[in-house]
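A look at the structure
Letter by letter, the chains look like this.
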Amino acid sequence: MLNDIKKDSQNRMTKSVEAFRHDLTKIRTGRASTALVDHLKVNYHGSEMPLGQVASVQVSDARTLTITPWEKQIVGAVEKAILASDLGLTPNTAGTVIRINLPALTEERRKELTKVVHAQSEDAKVAIRNIRRDANHQAKELLKDKKVTEDELRSFEGEIQKITDSAIKDVDGVVKAKEQELMAV
């Protein structure tokens, strides 16, 4: 029973780290990345579709994204989605090809983005600690029901703490890598 709780907790913590890593792809660094526009929704024949399902998105150089809609009539809808997004980017359209030039980040903007990364890392760490708390609570319930001994509980809590420390270390590693990426000019 304790092993099941431990495996479940470890899986949930790993998923939390991966979700955090995925969330950071939306934070713009100095380089162009298709992940920057992955979350955009385009109005396509009356329904909201992810940009990747109505156009191809490619990185043409370090500071330029190229978006090629599959149908000519949705070029305007793609432009509107980009302008309406929180990215603060202006699309340049030439025929059916939309180019997005990413301006260089200022030092001030880099520092702001670093603060955002740290705030998101704290949220990820809180989620990981909540998973630890839940696991320990489940184990204590088993002790109350006399399904495990106190020694087994203490051993389990130590193992869960090691897993938690490892997950938090992973989050810190992701933060450090993103900071280096942000501060690279």
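Residues numbered from 1 in each chain as written. Predicted model: local features only at pLDDT ≥ 70, side-chain atom pairs only at ≥ 80, totals over all residues. Heavy atoms only, no water.

**Looking at the overall build of the chain**
To keep things clear, this is the line we draw: Every helix listed is a DSSP run of H or I at least four residues long, and every strand listed is a run of E at least two residues long, numbered separately from the N terminus. Note on method: radius of gyration uses C-alpha positions; expected globular size equals 2.2 Å times residues raised to 0.38. Only heavy atoms enter the contact rule, under which two residues are in contact if any of them lie within 4.5 Å. What sets the accessible areas is the Shrake-Rupley method with a 1.4 Å probe; for residues, cover comes only from the shown protein chains. Asp and Glu count as negative and Lys and Arg as positive, but His and the ends of the chain are not part of the count. Each charge is placed at NZ for Lys, CZ for Arg, CG for Asp and CD for Glu.
When helices and strands are counted, the chain shows five helices and six strands. Reading the chain from its N end, one meets helices and strands in the order α-β-β-α-β-β-α-β-β-α-α. A globule of 185 residues ought to have a C-alpha radius of gyration of about 16 Å, yet the chain, at 22 Å, is considerably larger. Overall, the C-alpha framework of the chain stretches about 70 × 40 × 20 Å when taken along its three principal axes. Contacts in the chain between residues far apart in sequence, at least 24 positions, make up 64% of those at least 6 positions apart. Accessible surface for the chain amounts to roughly 10,900 Å². Of this, 50% is attributable to carbon and sulfur atoms. Taking the 30 positively charged and 28 negatively charged side chains of the chain as two groups, their mean positions are separated by 2 Å.

**Some points on helix 4 (residues 107-144)**
Rules: To estimate the expected span of a helix, count its residues, drop one, and scale the result by 1.5 Å.
The terminal C-alpha atoms of helix 4, which comprises 38 residues, lie 56 Å apart, in line with the 56 Å expected from a rise of 1.5 Å per residue. Positioned one or two residues after helix 4, Lys 146 has a phi angle of 60°, which is positive.

**Some words on the pairing of strand 2 (residues 47-50)**
Convention followed: When DSSP finds two or more bridges between two strands, those strands count as paired.
The sheet contact formed by strand 1 (residues 41-44) and strand 2 spans four bridges and is antiparallel. Of the residues in strand 2, the one forming a bridge with Val 42 is Met 49. Connecting strand 1 to the antiparallel partner strand 2 that follows it, the hairpin turn spans two residues, and His 45 within it adopts a positive phi of roughly 50°.

**Focus on the domain arrangement of the chain**
Using the following cut-off: Domains are outlined according to an automatic or database domain assignment.
Partitioning the chain into structural domains gives domain 1 (1-27 + 106-183) and domain 2 (34-101). Each of domain 1 and domain 2 was reduced to a C-alpha centroid, and the two centroids are 35 Å apart.

**Let's talk about the UniProt feature "coiled-coil region" (unreviewed entry) in the chain**
Stated formally: UniProt positions are given in the numbering used here, feature names are shortened, and annotations may be inferred rather than shown by experiment.
UniProt records the feature "coiled-coil region" (unreviewed entry) for residues 132-159 in the present numbering. Overall, residues 132-159 shows 82% helix and 0% strand. The separation of its end C-alpha atoms is 10 Å.

**Describing the environment of Asp 170**
Quick note on the threshold: Throughout, exposure labels follow a simple rule: accessible area from a 1.4 Å probe, protein chains only, divided by the maximum for the residue type, with under 20% read as buried, over 50% as exposed, and the rest as partly exposed.
For Asp 170, the location among the structural elements is in helix 5 (residues 150-183). A relative accessible area of 39% places Asp 170 in the partly exposed class. Considering only alpha carbons, one finds Asp 170 and Met 1, 169 residues apart in sequence, at a separation of 27 Å.

**What to know about the nonpolar core**
The cut-off we apply is this: To qualify as a nonpolar core, a set must consist of buried Ala, Val, Leu, Ile, Met, Phe, Trp, Tyr and Cys residues joined through side-chain atoms within 4.5 Å.
In terms of nonpolar packing, the biggest core is built from 27 residues, with Leu 2, Phe 20, Ile 128, Phe 156 and Val 171 touching the most fellow members. Mapped onto this core, the elements with two or more residues apiece are helix 1 (2-24), helix 4 and helix 5. Beyond its immediate stretch of four places on either side in the chain, Val 171 contacts Val 17, Phe 20, Ser 121, Ala 124, Lys 125 and Ile 128. Listed in part, the 22 residues of the second largest apolar core include Ala 55, Leu 65, Val 78 and Leu 89.

**Digging into the sheet that holds strand 4 (residues 64-69)**
Counted only if it meets this: As a rule, the C-alpha atoms of each element are fitted with a line to give its axis, helices using only the stretch in contact, and angles between N-to-C directions run from 0 to 180 degrees.
Strand order in the open sheet made by the four strands is 3-4-6-5, with antiparallel pairing throughout. With one partner strand each, in any of the chains shown, strand 3 (55-61) and strand 5 (91-94) form the two edges of the open sheet. In this sheet, neighbouring strand axes are inclined to one another by 25° on average, regardless of whether the strands run parallel or antiparallel. Bridging between strand 5 and strand 6 (residues 97-101) involves four bridges; their strand directions are antiparallel. Looking at strand 6, one finds that Thr 93 is bridged to Ile 98.

**Section: the pattern of salt bridges**
Defined as follows: In the sections that follow, a salt bridge refers to a side-chain nitrogen of Lys or Arg positioned within 4 Å of a carboxyl oxygen of Asp or Glu.
One pass over the full model with this rule turns up twelve salt bridges. Among the salt bridges present, the one from Glu 150 reaches Arg 154, with a minimum N-O distance of 3.4 Å. Placement of both Glu 150 and Arg 154 in helix 5 is noted, with a separation of four residues, approximately one turn of the helix. One salt bridge in this structure joins Asp 151 and Arg 154, with 3.2 Å as the shortest N-O distance.

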